[in-house]
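Structure assessment
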Amino acid sequence: KSTWTPDGVMSCFANVDHAVNAAKAIIEGLDTFNKEIKTLRKDFKVRCGINTGYVYFDESRPPEELSDRIIDIAGHLQKNATPNTICIAKPAIEPLTNRTNFIPTKKVVDGYEVYISERRKTPRE
């Protein structure tokens, strides 16, 4: 599920690996997008916030009408992320299959310790 929000996009995934992989793909594709596709002068930057949990909703209602603490925390994490990074709550990173490039921070958002992606300019050898 996904929907546009007033300041971005909200997407729901079946698991945290899918959410992180989608966020990484978007961030990794920004250089090409900004160089070859965008038509505005300024480059696009994104801030991703990821949280996990069960969100119960009625399939007949549009996703933009969802309201849940889990979604709110993801939004607060997104607002705490620096441009072109992923900000994720500690409980959400624990089940993640690949934690490469995530580092703990001293930030606490809504009572949760925060990890943030570390985007490397050059690949590790």
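This section reports on the structure supplied with the text. Fair warning: this is a prediction, and the values are worked out from it, not measured in the lab.

1. Topic: the side chain of Gln78
By secondary structure assignment, the location of Gln78 is in helix H3 (residues 69-80). Residue Gln78 is classed as buried on the basis of its relative accessible area, which comes to 15%.

2. As for helix H1 (residues 16-28)
With 13 residues, H1 should reach 18 Å at 1.5 Å per residue; the first-to-last C-alpha distance of 18 Å fits that figure. Residues Val16, Asp17, Ala19, Val20, Ala23 and Ile27 constitute the buried set of H1. Buried positions in H1, seen along its axis, are confined to an arc of 160° and lie on one side of it. Taken together, the buried residues of H1 touch helix H2 (30-37), strand S3 (47-50), strand S4 (85-89), helix H4 (90-93) and strand S5 (102-109). For H1, the N-terminal capping position is held by Asn15, with its side-chain oxygen 3.0 Å away from the main-chain nitrogen of Asp17.

Conventions we followed
Residues numbered from 1 in each chain as written. Predicted model: local features only at pLDDT ≥ 70, side-chain atom pairs only at ≥ 80, totals over all residues. Heavy atoms only, no water. Helix = DSSP H or I, 4+ residues; strand = E, 2+ residues; numbered from the N terminus. Buried < 20%, exposed > 50% of the residue type's maximum accessible area, 1.4 Å probe, protein only. Expected span 1.5 Å × (residues − 1). Arc of directions from axis to C-beta. Contact = heavy atoms within 4.5 Å. Polar contact = N/O pair within 3.5 Å; in protein donor to acceptor, adjacent residues only side chain to side chain.

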